[in-house]
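# What the coordinates show
Residues per chain, in single letters:
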Amino acid sequence: MVSLKTIAQKCGVSTATVSKALNDQKDISEETKKRIRKTAEALGYFPNAAARALKTNRSYNIGVLFEEEAGRGLTHEYFSGVLNGLKVQAEKLGYDITFINTCFENRKMSYYEHCRYRNFEGVAIVCADHNDPDVLELMNGDLPVVTIDYVYHNCTAISSNNIQGMESLVKYIYRQGHRKIAYIHGQDSSYVTKDRLASFYRTVDELGLRIPDTYVRTADYLETKEAARQTRELLNLEEPPTCIIYPDDTSLIGGRNVIIEMGLRIPGDISVAGYDGTRMSQLLHPKLTTIKQDTELIGSEAATRLIGAIEKPRTTLVERVVIEGTLIPGQSVGWIET
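The numbering scheme is per chain: residues are counted from 1 as the chain's sequence reads. The predicted origin of the model limits local features to residues at a pLDDT of at least 70 and limits the giving and counting of side-chain atom pairs to 80 or more, whereas totals for whole chains, interfaces and linings rest on all residues. Computation of side-chain values covers all heavy atoms of the structure but excludes hydrogens and water.

### Thoughts on unusual backbone geometry
Cis geometry is found at the peptide bond from Ile266 to Pro267, where omega equals 0°. Think of it this way: any DSSP run of H or I at least four residues long counts as a helix, any run of E at least two long counts as a strand, and we number them from the N terminus. In this structure, Pro267 sits in the loop between α11 (249–261) and β11 (271–273). The peptide bond linking His285 to Pro286 adopts the cis configuration, its omega dihedral lying at -5°. You can see Pro286 is positioned in the loop between β11 and β12 (290–292). Even without a glycine there, the phi angle at Asn119 is positive, about 60°. Residue position: Asn119 is located in the loop between α6 (111–117) and β5 (122–127). Burial classes: relative accessible area under 20% of the type maximum marks a residue as buried, over 50% as exposed, and values in between as partly exposed (1.4 Å probe, protein chains only). Judged by relative accessible area, which is 33%, Asn119 ranks as partly exposed. Phi at Asp149 takes a positive value of approximately 60°, unusual for a residue other than glycine.

### Overview of the pairing of strand β6 (residues 145–148)
Side chains Val145 and Thr147 project from β6 onto one buried face, and the interleaved Val146 and Ile148 project onto a second face that is buried too. As paired elements, β5 and β6 share 3 bridges and run parallel to each other. The residue bridging Val123 from the neighbouring strand is Val145, located in β6. Crossover β5 to β6 through helix α7 (residues 133–139) is right-handed. Only strands that DSSP links by at least two bridges are regarded as paired with each other. As defined by bridge partners, β6 adjoins strand β7 (residues 156–160) across 3 bridges and the pair is classed as parallel. Its bridge partner lying in β7, Val146 is registered against Thr156. By convention, a crossover is right-handed whenever its connection, traced from the first strand over the helix to the second and viewed with the strands pointing away, goes clockwise.

### What to know about empty space enclosed by the protein
Only protein atoms enter the 1 Å grid used here. Points where a 1.4 Å probe fits but cannot escape make up a cavity, open sets with protein on both sides within 12 Å along at least five of seven lines make up a pocket, and a residue lines them when an atom lies within 4 Å of a point. Grid points are joined across faces, edges and corners, and a volume is the space filled by probe spheres set on the points. In total, this model carries 1 cavity of 30 Å³ or more according to the counting rule given. Roughly 40 Å³ of internal volume is contained in the largest cavity. Around the largest cavity, the lining residues are Asp149, Tyr150, Val151, Ser159, Ser160, Asn162, Tyr191, Val192, Asp195 and Arg320. Of all elements in the fold, only β7 and α9 (191–206) reach the threshold of two or more residues within the lining of the largest cavity. Looking at which element gives the most residues to the lining of the largest cavity, the answer is α9, with 3 residues. As a working rule, the residues Ala, Val, Leu, Ile, Met, Phe, Trp, Tyr, Cys and Pro are called nonpolar, Asp, Glu, Lys and Arg charged, and the rest polar, with Gly in that last group. Its residues placed into classes, the lining of the largest cavity shows 4 nonpolar, 3 polar and 3 charged.

### Considering helix α2 (residues 15–22)
Because the α-helix completes a turn every 3.6 residues, residues three or four places apart line up on one side. Regarding α2, the residues found buried are Thr17, Val18 and Ala21. Along the long axis of α2, the arc covered by the buried residues comes to 100°, so they all point the same way. In this structure, the buried residues of α2 make contact with α1 (4–11) and α3 (30–43). Taken from the residues just after α2, Asp24 is the one with a positive phi, measuring 60°. By construction, the arc corresponds to the directions joining the helix axis to the C-beta atoms. Here, two residues are considered to be in contact whenever any of their heavy atoms come within 4.5 Å of each other.

Quick look at the structure:
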């Protein structure tokens, strides 16, 4: 590890002079500063993080709350994309990220206490139960906070445009001739579900479609078993739908398996559409019709807005930032005569 002493010896100055130059103090000439900085860079010098924190009272560290209820953890394709976008952008802006937890040396602590213990400068809530008192304490605390896919009155929120995404998907299915469109949506408590479901009803109403209540059902995100059960019930209705929209591309696989078991063809006998635009969705045959969410940009925007709030708190506004998705037509929604 390159030290200040090494740089001082190389430049023929004192360690105090090196320290002043690297900290841009005014009692050192610009020429000397440039020479010392150039030498430090050539030697691969990095300031000691602990020493910098003591001197500046800053950690340059962001806490990330990620409590993913489906049990997929970092293998969850949507959230892994968001987290990667957040990490890459935070690092570009000179910050590290650390996951928040509630245990330290076998002692239970709240999320907020852990943030204070680690001296985090801000928090990104990527996935969590927003009704949890510990999460509410965090959102109502004195640290800058951004949320992903959840709107809270005093936090900047970054989300995919679920309203436009669902509208685009339904209208595409309608243009393919479908009038009997079913929607298996995610859990009712999800903010994402509320946006998508409201957009679904609004769009079918705009198109003049009458969708029976039996066509709208619930299955948790990424839950293939419940999606399979709901698919079977839909297909056994006296007047089944011609197209089924699923909560996401993964849960759709449960429905797809049932369709195959029943001897039906996609899209010849029944059309299906997913959501998220995962890599897997484009490997299936036929390729899925879905909405691709720009997870990397969602994460990147979260990092940018959070660090902006950390560094310029007096000019920061609470915002809702919406990231557009993209319709992928695929081949799983067929054309039918109307």
